[in-house]
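For reference, the chains in residue letters:
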Amino acid sequence: MQAMDQDEGIRIVGEAEGFENGGFIFVAKSGGRYCINICDRILDPDRNEYSVGGNDVWLYFETFEEAWAKLKTLIKNPIEAYSY
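Conventions used here
Residues numbered from 1 in each chain as written. Predicted model: local features only at pLDDT ≥ 70, side-chain atom pairs only at ≥ 80, totals over all residues. Heavy atoms only, no water. Helix = DSSP H or I, 4+ residues; strand = E, 2+ residues; numbered from the N terminus. Rg over C-alpha atoms; globule rule 2.2 N^0.38 Å. Buried < 20%, exposed > 50% of the residue type's maximum accessible area, 1.4 Å probe, protein only. Contact = heavy atoms within 4.5 Å. Areas by Shrake-Rupley, 256 points an atom, 1.4 Å probe, with all protein chains shown as cover. Lys, Arg positive; Asp, Glu negative; His and termini not counted. Charge placed at Lys NZ, Arg CZ, Asp CG, Glu CD. Core = buried A, V, L, I, M, F, W, Y, C linked by side-chain atoms within 4.5 Å. Pairing = 2+ DSSP bridges. Axes fitted to C-alpha atoms, helices over the stretch in contact; angles between N-to-C directions.

Asker: I'd like to hear about the overall build of the protein, residue by residue, with values.
Answerer: The number of helices and strands found in the protein is 1 helix and 7 strands. Secondary structure elements of the protein occur, N-terminal to C-terminal, as β-β-β-β-β-β-α-β. Here the C-alpha radius of gyration of the protein, 13 Å, is about what a compact globule of 84 residues would show, namely 12 Å. With respect to the three principal axes, the spread of C-alpha positions in the protein is 40 × 25 × 25 Å. The burial tally for the protein puts 36% of its 84 residues in the buried class. Across the protein, every contact between residues at least 6 apart in sequence was considered, and the portion connecting residues at least 24 apart equals 46%. Accessible area of the protein: about 5,300 Å², with a carbon and sulfur share of 48%. Charge centroids of the protein, computed over 8 positive and 15 negative side chains, lie 3 Å from each other.

The following block contains the structure:
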């Protein structure tokens, strides 16, 4: 997360309260700040796959330490994450 460039990001399976199926969490870095986007994780029963839903919440943090402290409360363990 600390080493991310401006055009990189991380998608994490969440365990965020109030979001369908724990939500998806997207982490990006922009303008030196960290951005965490949480949204619903919608199951398509026909394909048995999850997709991004609505219910977006955007959080911004000035430092890695602040972002990581919040992120730790939202992620599902064991962690399932993908970089892009």
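Asker: Break down the nonpolar core for me, citing the residues and quoting the values.
Answerer: Counting residues in each nonpolar core, the largest one holds 16 residues, and the members touching the most others are Ile12, Ile25, Val27, Ile36, Ile38 and Leu71. Of all the secondary structure elements, the ones that give two or more residues to this core are strand S1 (9-13), strand S2 (24-30), strand S3 (33-39) and helix H1 (64-71). Those residues within four positions of Ile38 in sequence are excluded, and the remaining contacts are Ala16, Phe19, Phe24, Ile25, Asn55, Asp56, Val57, Leu59 and Leu74.

Asker: Can you lay out the pairing of S2 for me, pointing to particular residues and giving the numbers?
Answerer: Across the 7 residues that make up S2, a large majority, 5, are buried. Strand direction decides the pairing type here: S2 and S3, joined by 7 bridges, are antiparallel. Bridge assignment links Val27 to a residue of S3, and that residue is Ile36. What sits between the antiparallel neighbours S2 and S3 is a turn of 2 residues, in which Gly31 has the positive phi angle 60 degrees.

Asker: Can you lay out the sheet that holds strand S6 (residues 57-61) for me, pointing to particular residues and giving the numbers?
Answerer: Reading across the sheet, the 5 strands line up as S6-S3-S2-S1-S7 and stay open at both edges, with antiparallel pairing between neighbours. What marks the edges here is a single partner per strand, and that holds for S6 and strand S7 (81-83). On average, adjacent strands in this sheet sit at an angle of 20 degrees to one another, irrespective of strand direction. Pairing of S1 with S7, which is carried by 3 bridges, proceeds in the antiparallel orientation.

Asker: So what about the pairing of strand S5 (residues 49-52)? Which residues, and what values?
Answerer: Pairing of strand S4 (residues 41-44) with S5, which is carried by 4 bridges, proceeds in the antiparallel orientation. Within the sheet, the bridge partner assigned to Arg41 lies in S5 and is Val52. Following S4, the chain reverses through 4 residues before pairing antiparallel with S5; Asn48 in that reversal takes a positive phi of roughly 55 degrees.

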